[in-house]
Amino acid sequence: MTPREASQAPLEFGGPLGVTAMLLLLPATMFHLLLAARSGPARLLGPPAYLPGLEELWSPRVLLLLFIWLGLQVALYLLPARKVAEGLELKDKNRLRYPINGNHIYDFFLGRELNPRLGSFDFKYFCELRPGLIGWVVINLALLMREAELRGSPSLAMWLVNGFQLLYVGDALWYEESVLTTMDIIHDGFGFMLAFGDLAWVPFTYSLQAQFLLYHPQPLGMPMALLICLIKAIGYYIFRGANSQKNTFRKNPSDPSVAGLETIPTATGRQLLVSGWWGMVRHPNYLGDLIMALAWSLPCGVSHLLPYFYLLYFTALLVHREARDEQQCLRKYGRAWQEYCQRVPYRILPYVY
Ligand code: NDP
């Protein structure tokens, strides 16, 4: 992207005003959720039941633990015994970028630097999967153990939430290489959005169901638990099937598992899938992800809205992300993308959206 193109690229997330609101709202929402999950009424909407004093928010021991945690993750990331994968060609292959007419708040939020590195240490890639995502399952596990301490054994609902989310994180780590083709790595800079998102928002708000269950135990019978497992399995089947199909196709279109699928040629030389999972809706992986999100909330019962926060937030995030991706694909593929949209008219949910 040349400096002129960079200065003319459409602003995302509502421009400077939108990102200023998000800079304030995201940390505030995270604190609100954590406080609400601990309070008796566990109200998603409305003010939190109590506000902690500053002294409750500051603990040198916790800060030390956080640094030890990050240091451990850095050490593991730097271990020499690892496979090195080739990333895709990035949009900043022209490395000379100049801040023309930049807005500081906007740049701070989205990040100007696409791939900040110190030697071979890639900050964005490191933060995407390791400290926050693994931190999320560590927090979940701590909540499960605390429940066992308080009530003798973890509840069935707590087991399900822990198991489902462990599977999700395990899947992300198992398919770590596929993060190289995501929008976060290819398109978004490393600013507040990804740094706060990966390191704070993910571990603390994604573990909200387990936090809720610790303070608000929920009865869950075996038939309901089995039904929830079935919903999770369906979601995972769609999510993994769609992601693997596209990744295999992008890596090697003549792979026997994808060679028979129907495609549309594009002017870039790349092809678009129009059958298989990607012929059902334009983002089948989002559909699978949302079904799984529902399965993570259901063990918490239906008495409170709070455990469904992730499902609501994630629906909004994926609808917005889908629209951003569509814009980028339209710019990249032009007519071929329009033809794809005609042939596969629904974005995420067949016959609905
Ligand atoms: P996607 O994996 O959905 O990739 C979108 C890209 O796929 C497009 O830009 C295009 O890139 C390619 N593509 C689109 N349609 C086709 C087609 N028909 N045939 C071939 N290629 C196509 O991007 P995301 O990064 O948004 O999502 C990755 C995963 O991460 C998803 O499963 C999502 O649900 C999950 N996710 C989870 C989040 C969480 O917080 N839990 C947050 C965000 C995402 P190109 O043509 O250049 O290859």
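Quick note: structure is the one above.
Keep in mind that this is a model prediction, so the values were computed, not measured. (Residues numbered from 1 in each chain as written. Predicted model: local features only at pLDDT ≥ 70, side-chain atom pairs only at ≥ 80, totals over all residues. Heavy atoms only, no water.)

### Focus on the packing of helix 13 (residues 309–333) against helix 14 (residues 335–343)
Two numbers describe how helix 13 lies on helix 14: the axes approach to 6 Å, and their chain directions differ by 130°. With respect to their mutual orientation, helix 13 and helix 14 come out oblique. In this structure, helix 13 uses Glu326, Cys329, Leu330 and Tyr333 to contact helix 14, whose residues at the interface are Arg335, Ala336, Trp337, Gln338 and Cys341. Grouping the constituent residues of the contact of helix 13 with helix 14 by class yields six nonpolar, one polar and two charged. (Axes fitted to C-alpha atoms, helices over the stretch in contact; angles between N-to-C directions. Helix = DSSP H or I, 4+ residues; strand = E, 2+ residues; numbered from the N terminus. Parallel < 35°, antiparallel > 145°, perpendicular 65-115°, else oblique. Contact = heavy atoms within 4.5 Å. Nonpolar A, V, L, I, M, F, W, Y, C, P; charged D, E, K, R; others polar.)

### Regarding the packing of helix 6 (residues 123–151) against helix 9 (residues 192–205)
Where helix 6 contacts helix 9, the two axes come as close as 7 Å, and the packing angle between them is 10°. As far as their axial angle goes, helix 9 and helix 6 are roughly parallel. In the packing of helix 6 onto helix 9, the handedness of the crossing is right-handed. Residues Lys124, Cys127, Glu128, Pro131, Gly132, Leu133, Gly135, Trp136 and Ile139 of helix 6 lie in contact with helix 9, whose contacting residues are Leu194, Asp198, Leu199, Val202, Pro203 and Phe204. By residue class, the composition of the contact of helix 6 with helix 9 is ten nonpolar, two polar and three charged. (Left-handed = near helix turned anticlockwise from the far one by under 90°.)

### Things to note about the layout of surface pockets
Here the second largest pocket is characterised by a volume of approximately 1700 Å³. As for the second largest pocket, its lining consists of 36 residues, of which Leu34, Val62, Leu66, Ile139 and Phe204 are closest to the centre. Elements that contribute at least two residues to the lining of the second largest pocket include exactly helix 2 (15–38), helix 3 (54–57), helix 4 (60–78), helix 6, helix 9 and helix 10 (208–215). For the lining of the second largest pocket, the element with the highest residue contribution is helix 6, accounting for nine residues. Residue classes in the lining of the second largest pocket are distributed as 28 nonpolar, four polar and four charged. (1 Å grid on protein atoms, 1.4 Å probe; cavity = no way out; pocket = protein on both sides within 12 Å on 5 of 7 lines; lining within 4 Å. Points joined across faces, edges and corners; volume = space filled by probe spheres on them.)

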